[in-house]
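Each chain, written out:
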Amino acid sequence: MVSRIRLEDRECPLSTALGYAGEWWTLLILHDAFDGYTRFDQFQENMGISSSMLTARLKTLVTNGLLERRPYQTNPVRYEYVLTDLGRSLRPVLLALAAWGNSRLDPAERSMVLVDAATGVEVDPVLVDRTTGRRVDNENFVFTAGPAASESFRTRYADTVPAATDATDAAVRRTADSAPDGRKRSVEH
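Residues numbered from 1 in each chain as written. Predicted model: local features only at pLDDT ≥ 70, side-chain atom pairs only at ≥ 80, totals over all residues. Heavy atoms only, no water.

1. With respect to the pairing of strand β1 (residues 67–74)
When β1 meets strand β2 (residues 77–83), the two strands line up antiparallel, connected through seven bridges. Within β2, the position partnered with R70 by the bridge is E80. Hairpin connection of β1 to β2: two residues between the antiparallel strands. (Pairing = 2+ DSSP bridges. Helix = DSSP H or I, 4+ residues; strand = E, 2+ residues; numbered from the N terminus.)

Written out as structure tokens, the structure is:
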């Protein structure tokens, strides 16, 4: 991981994520990888990035476990760069960034849009809670200290939310057990 993370930010998941993928070229390489690019010359041609910069970024992506380097030719040996499970798990982040970027533009000014592959209809990705299906991109959802938080994080988030009670937990479970149309659904607790 990138060593630019300050000591006090090491427990922050945002700092950790930026350490893996917070650099301009890194995100663009990952975008190309999601579009099916795997070879050095494909990345370079598409982005116009220098060989030395691309080599450095690919090495970092491999070291961080986001891409896997595999030989695809033996004489001379040439490698391709394939997304790992960890790398593929960043797809929602790139989709959200692209959607945010498009939201700032008039629809006629968008050069790339996300569509349903089966229908071609444009979609608008949103972030939702897996359990309840509620959107979490508003002020009703806030960060708070987690179980492994340091004292400084606990202090930072001390006034964020009241401590969960058994009644609150039960209400959340009831909400999670009902589908948006009111039918019961199976949810692991």
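2. Some remarks on helix α4 (residues 51–63)
An α-helical turn contains 3.6 residues, so any two residues separated by three or four positions project in the same direction. A rise of 1.5 Å per residue sets the reference length of α4, with its 13 residues, at 18 Å; its end C-alpha atoms lie 18 Å apart and thus fit the reference within 8%. Among the residues of α4, those classed as buried are L54, R57, L58 and L61. The arc that holds every buried residue of α4, seen down its axis, measures 100°, which confines them to one face. For α4, the exposed residues lying more than 90 degrees away from the buried face are S52, K59 and T63. On its buried side, α4 packs onto α2 (24–34), α3 (40–47), β1 and β2. (Expected span 1.5 Å × (residues − 1). Buried < 20%, exposed > 50% of the residue type's maximum accessible area, 1.4 Å probe, protein only. Arc of directions from axis to C-beta. Contact = heavy atoms within 4.5 Å.)

3. A word on the packing of α2 against α4
The packing of two helices is summarised by the inter-axis angle and the distance between the axes. Contact geometry of α2 with α4 gives a least axis separation of 10 Å together with a crossing angle of 75°. The pairing of α2 with α4 is recorded here as roughly perpendicular in orientation. Of α4, the residues touching α2 (which contributes W25, T26, I29 and L30) are M53, L54, R57, L58 and L61. Its residues placed into classes, the contact of α2 with α4 shows seven nonpolar, one polar and one charged. (Axes fitted to C-alpha atoms, helices over the stretch in contact; angles between N-to-C directions. Parallel < 35°, antiparallel > 145°, perpendicular 65-115°, else oblique. Nonpolar A, V, L, I, M, F, W, Y, C, P; charged D, E, K, R; others polar.)

4. A short note on the side chain of T84
In this structure, T84 sits in the loop between β2 and α5 (85–88). Within the local environment of T84, its side chain forms a polar contact with the backbone nitrogen of G87, the two atoms lying 3.1 Å apart. Non-local contacts of T84, meaning those with residues more than four positions away in its chain, are made with G65, L66, L67 and E68. (Polar contact = N/O pair within 3.5 Å; in protein donor to acceptor, adjacent residues only side chain to side chain.)

5. Description of the environment of H31
Checked against the element boundaries, H31 lands in helix α2. Remark: the alpha-carbon pair of H31 and L94, spanning 63 residues in sequence, is separated by 7.2 Å.

6. What to know about the side chain of N102
Within the fold, N102 resides in helix α6 (residues 91–103). The contact partners of N102, leaving out residues within four places of it in the chain, are R110, M112 and V113.

7. Description of the nonpolar core
Among the nonpolar cores identified, the biggest contains 17 residues, and I29, L30, F43, M47, L54, L58 and L67 are the most heavily contacted of them. Mapped by element, the contributors of at least two residues to this core are α2, α3, α4 and β2. For this core, the leading source of residues is α2, giving four residues. Residue contacts for L67: discarding those within four places in its chain leaves I29, A33, L58, L61, V62, Y81, V82, L83 and T84. (Core = buried A, V, L, I, M, F, W, Y, C linked by side-chain atoms within 4.5 Å.)

8. Points about the packing of aromatic side chains
As enumerated under the stated definition, the model contains two aromatic pairs in all. With a centroid separation of 6.5 Å and an interplanar angle of 80°, the aromatic rings of W24 and W25 are classed as edge-to-face. Under the relative-accessibility criterion, W24 is labelled exposed at 61%. Taking NZ or CZ as reference, R39 lies 3.6 Å from the ring centre of Y72, over its face. Positioned above the aromatic ring of F153, the side-chain terminus of R156 is 6.0 Å from the ring centre. (Phe/Tyr/Trp six-rings, centres within 6.5 Å; stacked < 30°, edge-to-face > 60°. Lys NZ or Arg CZ within 6 Å of the ring centre and 35° of its normal.)

9. Considerations on the environment of Y81
Position of Y81 relative to the elements: it lies in strand β2. Along the backbone, Y81 and F43 are 38 residues apart, and their C-alpha atoms lie at a distance of 9.9 Å. Not counting the four nearest positions on each side in its chain, Y81 is found in contact with Y37, T38, F43, L58, V62, L67, E68 and R69. Looking at Y81, its side chain comes within polar contact range of the side chain of R69, at 3.5 Å.

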